[in-house]
Amino acid sequence: MKIVDKIIHPGEAVFSMGMRGGFRFLDDESYLKMMYRCRFGKKLDLQHPKTFNEKIQWLKLHNRDPLYTKLVDKYEVKKYVADKIGEEYIIPTLGIWDSFDDIDFHSLPGQFVLKCTHDSGGVVICRDKENLDMGAARKKICRSLKRNYYWAGREWPYKNVKPRIIAEKYLEDKSEYGLKDYKFFCFDALVKALFVATDRMNQKTETKFDFFDAEFRRLPLKNGHPNGEEPVRCPESFGQMKKLVEMIARDIPHARVDFYDVDGRIYFGEITFYHWSGLVPFEPEKWDTIFGEWIRIPDGSGG
């Protein structure tokens, strides 16, 4: 007899299956309603959405600007952002290929990063080319190339992004906490909040998310990952990053725009339209409503 040492809640099992790309027979609205109920234990209100996570689902269904497909493509977005704020903020691209076997590793430097252009998570960080586990890298990249990220959270901009691989310059920040990722929530071209992701390169500990308001005052909330033990200090580049975010998101109702600060130099990371796909709770729950108040949806839609 098989012994089961952990009972999985039926809702979590459905959620896990959905995030692996299941339920493709469902239309987007039906799928999102099911996933929302599994994750939050309540009905998704698309007629009168109030919370951030509810409004993210509404935006997936009703805000379908074709430009978004270009902006979630990790290669194509670079030109768009460079045109908005300048080439000096773009992480240099070392190469782009359609398959792993096409990668010219001989031309790459000793340190680099491989990314899939069409998904989230298809990343290989190489700190020493001579000791790169080529088998593990191939397995991860090839698995990502086969995946259509759209199906997990029905984030439609990803559906028609061409799967490719890019190599980028390896970024290293030798200051406290290592490389820090500043992720700004922008609403109608105004930054309202951000979080700083740290410990992302430390395999011995979980990534930390620390939230701040637009003046870099720490906010008492958690979302997806625990807070760090020590508060992150405000970087000297904070005001400049905030200005650049608002330039990039000028014509977008809501987006999360990410930047790195590497020893005082700013680099653009990515644009995200659906933070956590709108499927991760805030702690305390009131912050879901507070963030939701910052998303304006058109009159007559119930928002």
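Because the structure is predicted, anything quoted here is derived from the model rather than measured. (Residues numbered from 1 in each chain as written. Predicted model: local features only at pLDDT ≥ 70, side-chain atom pairs only at ≥ 80, totals over all residues. Heavy atoms only, no water.)

1. A short note on the packing of aromatic side chains
Now for step 1: Using the criterion set out here, one finds 25 aromatic pairs in the structure.
Now for step 2: Centre to centre, the rings of Tyr-68 and Trp-156 are 6.0 Å apart; their planes meet at 25 degrees, and the pair counts as stacked. Residue Tyr-68 is located in helix H4 (residues 67–72), and its partner Trp-156 is located in the loop between helix H7 (150–153) and strand E4 (165–169); the two are separated by 88 residues in the primary sequence.
Now for step 3: Considering the side-chain rings of Tyr-149 and Tyr-158, the 4.8 Å spacing of their centres and the 75 degrees angle between planes classify their relative orientation as edge-to-face.
Now for step 4: Looking at Tyr-149, the relative accessible area reads 16%, which means it is buried.
Now for step 5: Here Tyr-158 falls in the buried class, since its relative accessible area comes to 7%.
Now for step 6: Cluster of aromatic residues (ring-pair linked, three or more members): Phe-52, Phe-185, Phe-187, Phe-195, Phe-209, Phe-211, Trp-276, Phe-282, Phe-291 and Trp-294.
Now for step 7: Sitting over the ring of Tyr-31, Arg-154 keeps its end group 4.2 Å from the ring centre. (Phe/Tyr/Trp six-rings, centres within 6.5 Å; stacked < 30°, edge-to-face > 60°. Helix = DSSP H or I, 4+ residues; strand = E, 2+ residues; numbered from the N terminus. Buried < 20%, exposed > 50% of the residue type's maximum accessible area, 1.4 Å probe, protein only. Lys NZ or Arg CZ within 6 Å of the ring centre and 35° of its normal.)

2. A short note on the confidence of the model for the protein
Now for step 1: Looking at the protein, pLDDT values average 92 and 93% of them are 70 or higher.
Now for step 2: Low confidence marks residues 1–8, where pLDDT is under 50. Its contacts with residues over four positions away, or in another chain, come to one contact. (pLDDT = per-residue confidence, 0-100. Contact = heavy atoms within 4.5 Å.)

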